[in-house]
Amino acid sequence: MTRVSTSGNFGVMTSNLMRAQVLQNVAGEQVSSQKNATDLKGYAKNAEVLTAMKSAQAKVAGFLDQTTLVSNRLDVQDIGIGQVSDATQDARDAIANAIAAGSAETLMQQMNGAFGDVVQGLNSKFNGRYVFAGAKSDTQPTTATSMADLTAGPPIATLFKNDQYITSNRVDDTTSVATGQLADKLGTGVYGAFKQVQAYVDANGPFTGKLTQAQSDFLKGLLPVFDGVKTGLVTAQAQNGLNQKRFDTAKTELSDQADTLTTMVGGITDVDMAEAVTRLESAKLAVQASAQVFASLQNSSLLNVLR
């Protein structure tokens, strides 16, 4: 009787079955994760390129986060400077209207309201920090509460608590821009203009009803003072606006770079799902076929006959 050896066939089929199972597992992981591999070893020759791209992504993301933060702070600064500028204009308009009407009955009420808006603008906050305080961003940059503080005795400079540090931020690897503005630089001229009004009232009594010639002449002399202060604030706001535009442009460019890098990395790491599903189905069929042949060999083995 001829003895049929099946050990060689079993070895081949076992190897084929294991290989098919490995292919099925790999394809299954790719379909599940939607990635070509789970670690750098799986990307072989593309590992170095992928590492460099990931490093570039981290760098761009860091710049983008910083640029977004700076851009948002500049927006708050713009609002704050705008509030100071608008309040200065309101005070100037109140004076002009009083002169035109020949009556200053509500002038001081309007002036004090405008001054309160100036103080509020100079004490603007972003993320809980004072934006016009320099490095002392946890300290309220101006302590004035009313126009009376301007003539209370100490010089105007004592009403400002900011230091002289001007914040600077990087736009890119090689360029830094001074983005900070200080309360005393913005407010000293404004406070000086309001102080003149308060000092006149302190010396001559309040404005009540119809203007005297002296009062009218005094108020007329204030108009160019407030105009000059307003011009300085407009210049400061314009400079802030230029910085806003610069950082907004940088943010757009960085976002584009981030998107490009994401696409490039995805070209290496992201699996072609249609192809991966096809490979998975093929691997499953291969496993099933190998398993069936393996089972068939077992059933036809002489060992089964002799049991």
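Before reading on, note that the structure itself is shown above.
A quick note: this is a predicted structure, and the numbers were derived from the prediction, not measured.

Participant: I keep staring at a negative patch on the surface and nothing clicks. Help me out?
Facilitator: Taken together, the side chains of Asp86, Asp90, Asp93 and Asp117 present a region of like negative charge at the surface. Here the negative patch takes three residues from helix 2 (residues 47-101), the largest share from any one element. The partly exposed category is assigned to Asp117, whose relative accessible area is 30%.

Participant: How do you make sense of the nonpolar core when you look at a structure like this?
Facilitator: Soluble, globular proteins show a tendency: their nonpolar side chains are buried together. Counting residues in hydrophobic clusters, the biggest one holds 46 residues, and the most contacted among them are Tyr191, Phe194 and Phe207. When residues of this core are traced back to their parent elements, those giving at least two are helix 2, helix 3 (107-122), helix 4 (183-204) and helix 5 (213-269). Within the second largest apolar cluster, six residues are counted, among which are Val70, Leu74, Phe247 and Ala250.

Participant: What is the right way to read the packing of helix 2 against helix 3 from this model?
Facilitator: Each pair of packed helices gets described by two things: the angle between the helix axes and the distance between those axes. Across the interface, helix 2 lies against helix 3 with an axial gap of 7 Å and an inter-helix angle of 170°. It follows that helix 2 is roughly antiparallel to helix 3 by the angle criterion. Counted together, Gly80, Gln83, Val84, Ala87, Thr88, Asp90, Ala91, Ala94, Ile95 and Ala98 of helix 2 and Leu107, Gln110, Met111, Ala114, Asp117, Val118, Gln120, Gly121 and Leu122 of helix 3 form the full contact between these two elements. Here the contact of helix 2 with helix 3 is built from residues that sort into 11 nonpolar, six polar and two charged.

Participant: Would you mind going over helix 3 with me for this structure?
Facilitator: In an α-helix, one turn spans 3.6 residues, which is why side chains three or four residues apart end up on the same side. Its 16 residues give helix 3 an end-to-end C-alpha distance of 23 Å, which sits within 8% of 22 Å, the value for a rise of 1.5 Å per residue. Among the residues making up helix 3, those that are buried are Leu107, Met108, Met111, Ala114, Phe115, Val118, Val119, Gly121 and Leu122. Looking down the long axis of helix 3, one finds its buried residues gathered within 160° of arc, a one-sided arrangement. Facing away from the buried surface of helix 3 by more than 90 degrees, the exposed residues are Gln109 and Gln120.

Participant: Hey, could you run me through the packing of helix 3 against helix 4 in this one?
Facilitator: With their axes 11 Å apart at the nearest point, helix 3 and helix 4 run at an angle of 160° to one another. By the angle between their directions, the pair helix 3 and helix 4 is classed as roughly antiparallel. Here the hand of the crossing between helix 3 and helix 4 comes out left-handed. Across from Met108, Met111, Ala114, Phe115, Val118, Val119 and Leu122 in helix 3, the residues of helix 4 making contact are Ala183, Leu186, Gly187, Val190, Tyr191, Phe194, Val197, Gln198 and Val201.

Participant: I'm lost on helix 4 in this one. Help?
Facilitator: Along its 22 residues, helix 4 runs 30 Å from first to last C-alpha, staying within 8% of the 32 Å computed at 1.5 Å per residue. Inspection of helix 4 places Ala183, Asp184, Leu186, Gly187, Val190, Tyr191, Ala193, Phe194, Val197, Gln198, Tyr200 and Val201 among the buried residues, and these make up the whole buried set. Positive phi shows up at Gly205, right after helix 4, with a value of about 95°.

Participant: Where do I start with the side chain of Asp184 in this structure?
Facilitator: Take Asp184: it is sitting in helix 4. Asp184 has contacts with Phe160, Asn162 and Gln164, leaving out every residue within four places of it along the chain.

Participant: Quick question: what am I supposed to make of the pattern of salt bridges here?
Facilitator: Charged atoms that come close allow side chains of opposite charge to pair. Throughout the structure, instances matching the rule amount to two salt bridges. Arg92 serves as the salt-bridge partner of Asp227, at 2.9 Å between the closest nitrogen and oxygen. Note that Asp227 is positioned in helix 5 and Arg92 in helix 2, a separation of 135 residues in sequence. For the salt bridge of Lys185 with Asp184, the shortest nitrogen-to-oxygen distance reads 3.7 Å. For Lys185, a relative accessible area of 57% corresponds to the exposed category. In this structure Asp184 comes out as buried when scored by relative accessible area, which is 15%.

Parameters at a glance
Residues numbered from 1 in each chain as written. Predicted model: local features only at pLDDT ≥ 70, side-chain atom pairs only at ≥ 80, totals over all residues. Heavy atoms only, no water. Patch = residues over 30% accessible without salt bridge, like charges linked within 9 Å, V, L, I, M, F, W, Y side chains within 5 Å. Areas by Shrake-Rupley, 256 points an atom, 1.4 Å probe, with all protein chains shown as cover. Salt bridge = Lys/Arg side-chain N within 4 Å of Asp/Glu carboxyl O. Lys, Arg positive; Asp, Glu negative; His and termini not counted. Charge placed at Lys NZ, Arg CZ, Asp CG, Glu CD. Helix = DSSP H or I, 4+ residues; strand = E, 2+ residues; numbered from the N terminus. Buried < 20%, exposed > 50% of the residue type's maximum accessible area, 1.4 Å probe, protein only. Core = buried A, V, L, I, M, F, W, Y, C linked by side-chain atoms within 4.5 Å. Axes fitted to C-alpha atoms, helices over the stretch in contact; angles between N-to-C directions. Parallel < 35°, antiparallel > 145°, perpendicular 65-115°, else oblique. Contact = heavy atoms within 4.5 Å. Nonpolar A, V, L, I, M, F, W, Y, C, P; charged D, E, K, R; others polar. Expected span 1.5 Å × (residues − 1). Arc of directions from axis to C-beta. Left-handed = near helix turned anticlockwise from the far one by under 90°.

These values are about where atoms sit, not about what they do.
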